[in-house]
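Structural overview
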Amino acid sequence: MSDRLPHEKGFHVSWDQLHRDARALAWRLQGHGPEGGWRAVVAITRGGMAPAMIVSRELDIRTVDTISVKSYNHQTQAEPVIIKHPDADVVGDGTGVLIVDDLVDTGRTLEVVRAAMPKAHVATVYAKPKGRPMVDTFITEVSQDTWIFFPWDMALQYVKPYHGTDD
Ligand SMILES: O=P(O)(O)OC[C@H]1O[C@H](OP(=O)(O)OP(=O)(O)O)[C@H](O)[C@@H]1O
Ligand SMILES: O=c1[nH]c(=O)c2nc[nH]c2[nH]1
Ligand SMILES: [Mg+2]
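Residues numbered from 1 in each chain as written. Chains lettered and ligands numbered in written order. Predicted model: local features only at pLDDT ≥ 70, side-chain atom pairs only at ≥ 80, totals over all residues. Heavy atoms only, no water.

Our next topic: the pattern of salt bridges. Applying the stated criterion across every chain yields a total of 10 salt bridges. With a shortest N-O distance of 3.0 Å, arginine 114 and aspartate 136 are connected by a salt bridge. Within this pair, whereas arginine 114 is found in helix H4 (residues 108-116), its partner aspartate 136 is found in the loop between strand S6 (121-127) and strand S7 (137-141), the two being separated by 22 residues in sequence. Arginine 132 is paired through a salt bridge with glutamate 141; the nearest N and O atoms lie 2.7 Å apart. (Salt bridge = Lys/Arg side-chain N within 4 Å of Asp/Glu carboxyl O. Helix = DSSP H or I, 4+ residues; strand = E, 2+ residues; numbered from the N terminus.)

On to the UniProt feature "binding site: GMP" (unreviewed entry) in the protein. Cross-referencing UniProt, the feature "binding site: GMP" (unreviewed entry) maps to Asp105, Thr106, Gly107, Arg108, Thr109, Trp147 and Ile148 in the present numbering. Of note, threonine 106 is situated in the loop between strand S5 (97-104) and H4. Setting aside chain neighbours within four positions, we find threonine 106 in contact with Lys130 and Gly131. Within the structure, threonine 106 has its side chain in polar contact with the backbone nitrogen of arginine 108 (distance 3.2 Å). With respect to the element layout, tryptophan 147 can be found in strand S8 (residues 146-149). (UniProt positions renumbered as here; feature names shortened; annotations may be inferred. Contact = heavy atoms within 4.5 Å. Polar contact = N/O pair within 3.5 Å; in protein donor to acceptor, adjacent residues only side chain to side chain.)

Arg46, Asp101, Asp102, Thr106 and Thr109 are the nearest of the 13 residues found near ligand 1. Separating an oxygen atom of ligand 1 from a backbone N or O atom of glycine 107 is a distance of 2.8 Å. A distance of 2.5 Å is found between an oxygen atom of ligand 1 and a side-chain nitrogen or oxygen belonging to threonine 109. Listed by contribution, the elements that provide at least two residues to the shell around ligand 1 are S5 and H4. It is S5 that contributes the most residues to the shell around ligand 1, four residues altogether. Of the residues contributing to the shell around ligand 1, the split by class is two nonpolar, five polar and six charged. (Near = heavy atom within 4 Å. Nonpolar A, V, L, I, M, F, W, Y, C, P; charged D, E, K, R; others polar.)

Pasting the structure below:
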């Protein structure tokens, strides 16, 4: 994440909020697939897995696969590489396939995913301006200098009261 800093702001997403936003994404996608509906969901690991589970449940899509993209840091540039492809028999060129990720930031991840499945529909829950053109459907946009904190990266912890003492 070093090449993506600095981030002035933080946008903290709870499980509950993530659930609501992923359901809103499913709602928006419903009926927008090809004739006969969406054939399959492909989650971009790992962040796309929870949203993909929620979307596939809401839209009753039983065929779910994954694509794994790893970002390598060469000096300051991250170069995403696909390290696990979805089943070619399932996804083909991507027609009728819904690709789901938690967010798009620079758009580099989606660039390589789109190249592998050019006809797929790309959906993310959150989007930042730079990567927005890479997404077909998303729910909430945040500014480029915002870091999104997801519930799987957080834990509840004690916070000092405003008045400065611990009791
Ligand atoms: O638009 P980009 O700048 O490419 O960034 C977006 C990607 O970065 C994060 O994944 P990450 O590579 O950190 O891996 P993870 O999903 O396993 O956490 C996020 O889940 C997106 O997949
Ligand atoms: O947890 C995350 N939050 C972000 O804002 C982000 N951008 C790229 N990758 C990210 N991961
Ligand atoms: Mg990811």
